[in-house]
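Letter by letter, the chains look like this.
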Amino acid sequence: MQVKFLMQKENENSLIGNLIESFSKKPKKVYMFLGDLKEAGFRMIEEEFIDTKIKLFMAIGVNKKHTTRSMLESILEYTKDAYYYINNDIVEYDSNICIFEYTNEAEVYVSSSSFSESGVSENVSLYTKTIFNLKDTVEKNEYKTAIKDLTKGIEEFNFEKLDKEAIEKLIENKEIFTTRQYTHTNIKSISELLGKNKEENELENETVKNVDDDIIGNNVEIPKVDLSDIDIDIGDIEISEENKTSKESENKTTENDIEVEYDEEEYTPSNLDVEEDSLEVEDKNVIDKNNELYDESMADMEFDENSVIDINDMLFSKADVKLDENVKNRKKETSKEEYDEFSDEEVLQVKKVNLNNVSNLIMELPSKNSKGQDATSIKIPNYVQKMIPEFFELQEGENVEINGISFKQRDIKFEIIDVKNGQKYSDRNAKISQKKGQSFLVFSSDTIKNIEYDEKDIARVIKLASDTYHIEIIPKNIQEYKLWDKLCTYDFKSSTRKYGMM
């Protein structure tokens, strides 16, 4: 038996790096006892489960803060031997153990941190790696005993079997993260939060009620006033000089707005005599009298103190322009049935952003892997593909089988440019493909291995035609990078890298 004490520090000697290396050795069985499994941490190892024959056993802790439906459903895609313990009570399940069993040996990782993105890659933490030699009978028996004790403990501490019904139950009971848990029916008042007793609250409520009853005019209705039958002597109305000036500047009153009632016999055109000599005309349209402005149209009108003004008509005058009957009835002409023709789905489609015309995908790249298929491919996550399916047109591809594995792929013409060096490489036999069950699709071409790039360098993928793609690799140390980096407005899941589209 070998025991190693290791320290993880800022991505150096990280636990996730060792776990991925252990997965690459193709173990027969993997046991994972994770008390605090977070979705970001799970996504970092999810790809290692895809299209493998690994027998996976998982015993995890679930809680309201970090456990999501999508993570639990993903686990069920890779194994049926999954169990959970609810960590929402005082007694919690704490563990971070990963075991890889091969034909001749077994590797056991025990860590002190939670299984989160930072916990398995960045945080300063200690963990141990124990290697059992299964060729040795003694060590093999010790290993078998340890595994038996761990799995037996799952039964003793009442772990539940994870399945679809269990997930629904956890959501219904608000045992895992869900928006339902934030819907409150009872919200405490400030007095309750301050610890006041019930009698004090009732006394305060009674006091508030009494104060409300004493408010003057609380339930008094405002009377309606009819001004149609009221005669007001204009001589009784006093208008100050200040009010005259402000009113005239805000509102010019024309003769059409005022209806004057008079006796036809007493006031005839012949009786209305205006002495022009008493008025000094300074302008054709304006007459200045006592420093007051009058409209010329008012010059021929004289008011008597005994005349009557219809105040109701002044305040509530009718419009001078009659509405067109077609305009008035336009709303009636549009029947309700015309609106009912549109379904809810069609209305949503109008509001939804159309991404079918996207021709550019800009994204920050991960560190380049110089070995295996990763050296000749660029990966695009599934959730990006689902946003812009017309950009990749993978649905138009063919189903093929390679080495017993099913793929969806289509042939494309491909060119890639190293912007820094100005080098251009073309490939007329490149492919867009996706392995069955894989969480990403890839652009595959041997020309990609000719381009060197670092983490967060930008790849600008341009669709020139249905079967033609152009990719520019833009390094961080050139001026053009700043322009394209501003267009990367979306975050990749479980990553600090970003992407955008246009």
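Predicted model only: the values in this text are computed from it and were never measured.

### Considering the overall build of the protein chain
Along its length, the protein chain carries 16 helices and 22 strands. Burial statistics for the protein chain: of 502 residues in total, 32% are counted as buried. Restricting the contact set of the protein chain to residue pairs at least 6 apart, pairs at least 24 apart contribute 69%. Split by element, the accessible area of the protein chain, about 35000 Å² in all, is 47% carbon and sulfur.

### Overview of the environment of S466
With respect to the secondary-structure elements, S466 resides in the loop between β19 (458-465) and β20 (468-474). Sequence separation between S466 and K413 is 53 residues; the distance between their C-alpha atoms is 9.5 Å. If near-sequence neighbours (up to four positions away) are discounted, S466 is found in contact with E393 and R410. Engagement of the side chain of S466 in a polar contact is seen with the side chain of E393, the distance being 2.9 Å.

### Remarks on the packing of aromatic side chains
Inspection of every chain in the model, using the stated rule, returns 19 aromatic pairs. Between F57 and Y83, the ring centres sit 5.6 Å apart and the planes meet at 40 degrees, which makes this aromatic pair tilted. Note that F57 is positioned in strand β3 (residues 55-62) and Y83 in strand β4 (residues 82-86), a separation of 26 residues in sequence. Taking the relative accessible area as the measure of exposure, Y83 reaches 22% and is therefore partly exposed.

### Notes on the confidence of the model for the protein chain
The pLDDT averaged across the protein chain works out to 75; a share of 65% of its residues lies at or above 70. In the model, residues 208-220 has pLDDT below 50 throughout and makes one contact with residues more than four positions away in sequence or in other chains. Low pLDDT (under 50) marks residues 252-295, which in the prediction has 38 contacts with non-local residues, meaning those over four places away or in another chain.

### Some thoughts on the sheet that holds strand β8 (residues 160-161)
What the eight strands build is an open sheet, ordered β1-β7-β6-β5-β2-β3-β4-β8; its pairing is mixed. Of all the strands in the sheet, just β1 (2-8) and β8 have a single pairing partner and so form its edges. Two elements, strand β6 (residues 105-111) and strand β7 (residues 125-133), share seven bridges in a ladder whose sense is antiparallel. Considered in β7, the bridge of V108 is made with T130. In the packing of helix α4 (residues 137-156) onto the sheet, contacts are made with β2 (29-34), β3, β4, β5 (96-101), β6 and β7, and the angle to β7 comes to roughly 125 degrees.

### Re a positive patch on the surface
Taken together, K28, K55, K140 and K144 make up a surface patch of like positive charges. Within the secondary structure, K28 is located in the loop between α1 (15-24) and β2.

### A look at the pairing of β19
Of all eight residues in β19, six are buried, a share of seventy percent or more. Bridging between strand β13 (residues 360-364) and β19 involves five bridges; their strand directions are antiparallel. Within the sheet, the bridge partner assigned to E364 lies in β19 and is I458. Bridging between β19 and β20 involves seven bridges; their strand directions are antiparallel. Residue pairing across strands places V461 opposite I471, the latter belonging to β20. Hairpin connection of β19 to β20: two residues between the antiparallel strands.

Conventions and cut-offs
- Residues numbered from 1 in each chain as written.
- Predicted model: local features only at pLDDT ≥ 70, side-chain atom pairs only at ≥ 80, totals over all residues.
- Heavy atoms only, no water.
- Helix = DSSP H or I, 4+ residues; strand = E, 2+ residues; numbered from the N terminus.
- Buried < 20%, exposed > 50% of the residue type's maximum accessible area, 1.4 Å probe, protein only.
- Contact = heavy atoms within 4.5 Å.
- Areas by Shrake-Rupley, 256 points an atom, 1.4 Å probe, with all protein chains shown as cover.
- Polar contact = N/O pair within 3.5 Å; in protein donor to acceptor, adjacent residues only side chain to side chain.
- Phe/Tyr/Trp six-rings, centres within 6.5 Å; stacked < 30°, edge-to-face > 60°.
- pLDDT = per-residue confidence, 0-100.
- Pairing = 2+ DSSP bridges.
- Axes fitted to C-alpha atoms, helices over the stretch in contact; angles between N-to-C directions.
- Patch = residues over 30% accessible without salt bridge, like charges linked within 9 Å, V, L, I, M, F, W, Y side chains within 5 Å.
- Salt bridge = Lys/Arg side-chain N within 4 Å of Asp/Glu carboxyl O.
- Lys, Arg positive; Asp, Glu negative; His and termini not counted.
- Charge placed at Lys NZ, Arg CZ, Asp CG, Glu CD.

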